[in-house]
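Fold and geometry: a report
For reference, the chains in residue letters:
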Amino acid sequence: AMLDPDRGLSLTIARVVQRLQGSSLHSQLERQARVSLHKPEIKLESLKEDIKDFLRTSGWEKKLQNAVYSELNVFPLPCHPAAPPEHIKEPLAYMRKAQGSWEKRILKSLNSMCTELSIPLAQKRPVSEQKELLNKWNEMGTDEPDLSLFRPVYAPKDFLEVLMNLRNPNYENGEQPSFRNHLGLIQVPLKVKDISELKEDFSELGLNIGQLGIDDSAQVPPEFFENEHVRVGQKVLAEEDSAAAQQYVRQGCPTALRADLWALILNISNQPEDILYYEQLKSNVIQHDLLVDSLIYKDVKLTASNDDYYFVFEDYLYQVLLCFSRDTSVLEHFTYSSATPPKSYIQGKLGMEEYAVFYPPNVNYNSFILSVAPLCFLYHEPSKLYQIFREMYVRFFFRLHSISSHPSGIVSLCLLFETLLQTHLPQLFYHLREIGAQPLRISFKWMVRAFSGYLATDQLLLLWDRILGYNSLEILAVLAAAVFAFRAVNLMEVTSLAAAEAVLADLSTLKVMPLLQIFLFATVT
Amino acid sequence: SGIMAGKVKWVTDIEKSVLINNFEKRGWIQVAENEDWNFYWMSVQTIRNVFSVETGYRLSDDQIVNHFPNHYELTRKDLMVKNIKRYRKELEKEGSPLAEKDENGKYIYLDFVPVTFMLPADYNLFVEEFRKNPSSTWIMKPCGKAQGKGIFLINKLSQIKKWSRDSKTSSFVSQSSKEAYVISLYINNPLLIGGKKFDLRLYVLVSTYRPLRCYMYKLGFCRFCTVKYTPSTSELDNMFVHLTNVAIQKHGDDYNHIHGGKWTVSNLRLYLESTRGKEVTNKLFDEIHWIIVQSLKAVAPVMNNDKHCFECYGYDIIIDDKLKPWLIEVNASPSLTSSTANDRILKYNLINDTLNIAVPNGEIPDCKWNKSPPKEVLGNYEVLYDEEMAQSDGPERDPRGRSGQSTGAKGSRARDLGKPALTTWK
């Protein structure tokens, strides 16, 4: 049902107010207002106006604006006052059902691993072990526990199989002519954008607009674009304006400003209470041992430790991920995610909420790990690194690991990719399909990892600039299609899936911005 | 005669595929040492023989070799320090602004080698310095060895008593140069990344010392220690913590054969720019170029600038936590062993680009050529310093000016015309 815009607005306002009330920002604002009473410019007769002016000039209004902006970015607009909470999680019933079954499968797998290995999902650590872990906190990478019995709960291709089997029971294939001809692996008729809509959405990537990742290359004199762009970036940071920052990064972040710009967009300021929160999580890790810790450990060893760029940060990855799996504040985001995290309790404390731990839907930590690792290039203070990662997860990355109809959800991304390819490179698409090399089978792992571990780090960061700038993951699907377009000539010559994989095995030399620009704006459609 | 007549004849006593593949791909012909050869890639032992007074032989115009006769002036730890100290004193004597000192008596621009003494010769001087800072750590290195062999750390005078006893015996003690050590102040505040210590390996090609012409390879790398760094004295014996040489790290439990504990210099730059800012990163890389050029200038006067020679050095540099680079040592024979696939590719390309510069067009060389290769053949090298060009740019140019370009992640940049370069030599 369509919602009356005024009703929608007041609902949104009410929700934002409710979320910000009682937050630390709220108490800080109150404190500031009280402090301002001592100032000479605050007069009793115009108290309200004067305090408002004071909050504006002192920058506190801006902080409030940023917080509101952040809330609007993260939480979806309400659909209808009478909509049940499940609908906010995921409006389509069949999607909710599929996500539910997938979660059950994962939990079953976890539980059977526990039984096999006689290890509880969660237990308290003996004191001696706690001491040891505390000492080794900064170098968990040197530990060599026996992890041979632990196996990843699922591989990306298992998840892809589930997505391929999604069907809308109310839908008959014959009804929509456009979808009837869809020859890809995804067989649910979600609405995805076409090139002209994408061109509009990503207009700042146009050919006439300066970009970092293109117009800052060695051959281009910096006066043309780069110098001015850096100046504007510094100004945006000085103004501390989240919305302006989000607009700005669409053209890319200068490396020296990126860490601060991302923090501004994600509204992370690393206050003392944030550091304290992180320390509490750390002490949870020390005190309790979770089964998933071993899975995390194993996956870090398998992925980041072997990566040319990320191996240096191995220890940071353990710290962030072990804390993350004990961070129940992340549970809040599940109100708008189709997922419902399995909950468990520390052994012997069944039902006691302070001993609850939850398992994020993606217990295949490969993707997790690779989404933390690039952040280590920007933030080396553990609590800040942690918060940035957590915010990136609850805004973006969780959508890559759960089944939903959201435009940035993995299902939509897969469909968008396949549609773009089939529409604009039909010959290539048919050819690959003929030889048993459905393109999605190759590009899925790129998208589910947001290209981390495939692109060179500087290129990956330029890509993630745009994820933040456009508050959407759709660019991942566009890039995937652009990569296929770029290697089309070679791909037309292959005759097997393995050969196609080989052509696309090494993306480390790709420059993402030219690829995106050409695909969106310079390809004859 | 015939087809073979024009082909370069090569010899090497280093059996490494990265070398041999490069020779073969140019269609060069392998010959034996006692035959007529044009190009000899020799080990440092061999170069000693070639140029030695007794056994040496005259090289003809169409023969070139990959070492300067007395490269050890730069590549032996004690001689390098000696030459740099001499160079600084000379500059000081002529009143050069480069030799300016700060209020503590430290050189402002030329303090890039950690305080170093020769043992046993300077033992007493060392003790004096040690006593000024008794809690300091020092690193003992044998002058003539490589790959981290024989190196150890000390923090107590008693640990090196042996050298003091020897120096006190008045009678003639024949110190074979192999037993000579240098002792340097250990940099115990290295810049750490991910909590790990690392050093930089940079390749520098010198085609002539007078005039000085040198090139820096853009694709240097960082070598990480596998174990977390700790300055704790209990770990002084743990060489895995302190020494970054791959030869040592290779035997650690955690050594990884895929990435080999290495990062590219462009990764380093990205990390530093992202976490520290652009200005300080540019300043750091500028300083690194500076200290390399200064070290070459220091030995240029004593180098035998034999026109048959070129040399590709491996520079080892450590960055401290204040982002100051320190020159640790220079290697005449940087390892051509490949520890990983990436490594092999890098070293193959290094040799390829080196040969393109040293042996123009891959043809039989004429050592009388002007050693000025065209820009197109530089490959991944870029000009670090060209003395001839720097001088010919006229009096209005800073005599310390270089015609090199900043080595960034992006490589060479087009020069701003007429505007002073943003990152300048001091």
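Every chain's residues receive numbers from 1 upward, in the order its sequence appears when written. Here the convention is simple: chains get letters from A, ligands get numbers from 1, in the order in which they are written. Owing to the predicted nature of the model, reporting of local features is limited to residues with pLDDT of at least 70; listing and counting of side-chain atom pairs is limited to 80 or more, with chain, interface and lining totals taken over all residues. With hydrogens and water stripped out, all remaining heavy atoms of the structure feed into the side-chain values.

By the naming in an unreviewed UniProt entry, chain B is Polyglutamylase complex subunit TTLL1, taken from Onychorhynchus coronatus. We quote the UniProt Sequence similarities (unreviewed entry) comment for chain B here in full: "Belongs to the tubulin polyglutamylase family." Among the UniProt annotations of chain B, the heading Subcellular location (unreviewed entry) holds the following wording: "Cytoplasm, Cytoskeleton, Cilium basal body". UniProt positions are given in the numbering used here, feature names are shortened, and annotations may be inferred rather than shown by experiment.

The name that an unreviewed UniProt entry assigns to chain A is TBC19 protein, with the source organism given as Onychorhynchus coronatus.

The next point concerns the overall build of chain A. Counting from the N terminus, the helices are the DSSP runs of H or I reaching at least four residues and the strands are the DSSP runs of E reaching at least two. Scanning chain A from N- to C-terminus turns up 26 helices and four strands. The cut-offs for exposure are 20% and 50% of the maximum accessible area for each residue type, with area from a 1.4 Å probe on protein chains only; residues under the lower value are buried, those over the upper are exposed, and the others partly exposed. Here chain A holds 525 residues, and the buried ones make up 55% of them. Here, two residues are considered to be in contact whenever any of their heavy atoms come within 4.5 Å of each other. Taking the contacts inside chain A whose residues are at least 6 apart along the sequence as the reference set, 77% of them involve residues at least 24 apart.

Moving on, we come to the sheet that holds strand 1 (residues 9-12) of chain B. All names here are of chain B. When DSSP locates at least two bridges between a pair of strands, those strands are taken to pair. Pairing in this open sheet of four strands is parallel, and the strands run 2-1-3-4 from one edge to the other. Either end of the sheet is taken by a strand with one partner, and the two such strands are strand 2 (29-30) and strand 4 (64-65). Strand direction decides the pairing type here: strand 1 and strand 2, joined by two bridges, are parallel. Its bridge partner lying in strand 2, W10 is registered against Q30. Orientation is described by axes fitted as lines to C-alpha atoms, over the contacting stretch for helices, and by angles from 0 to 180 degrees between their N-to-C directions. Its contacts with the sheet place helix 1 (residues 17-25) against strand 1 and strand 3 (39-41), and it is angled at close to 175° to strand 1.

All names here are of chain B. The strand order across the open sheet formed by four strands is 5-8-6-7, and the pairing between neighbours is antiparallel. One side of each edge strand has no neighbouring strand; the edge strands of this open sheet are strand 5 (116-119) and strand 7 (152-154). Taking the axes of each pair of neighbouring strands and ignoring which way they run, one obtains an average angle of 30° across the sheet. Here strand 5 pairs with strand 8 (residues 181-185) via four bridges, running antiparallel. Paired with L119 across the two strands is Y181, which belongs to strand 8. Strands in contact with helix 4 (residues 77-93) are strand 5, strand 6 (138-142) and strand 8; relative to strand 5, the strand with the most contacts, it is inclined by about 130°. Most of the contacts of helix 5 (residues 123-132) go to strand 5, to which it runs at about 140°, and overall it touches strand 5, strand 6, strand 7 and strand 8.

Two elements in contact, helix 9 (residues 265-276) of chain B and helix 10 (residues 278-299) of chain B, have axes whose closest approach is 7 Å; the angle formed by their N-to-C orientations is 145°. Here B:V265, B:L268, B:R269, B:L272, B:E273 and B:R276 of helix 9 of chain B lie close against helix 10 of chain B, whose contacting residues are B:K278, B:V280, B:T281, B:N282, B:L284 and B:F285.

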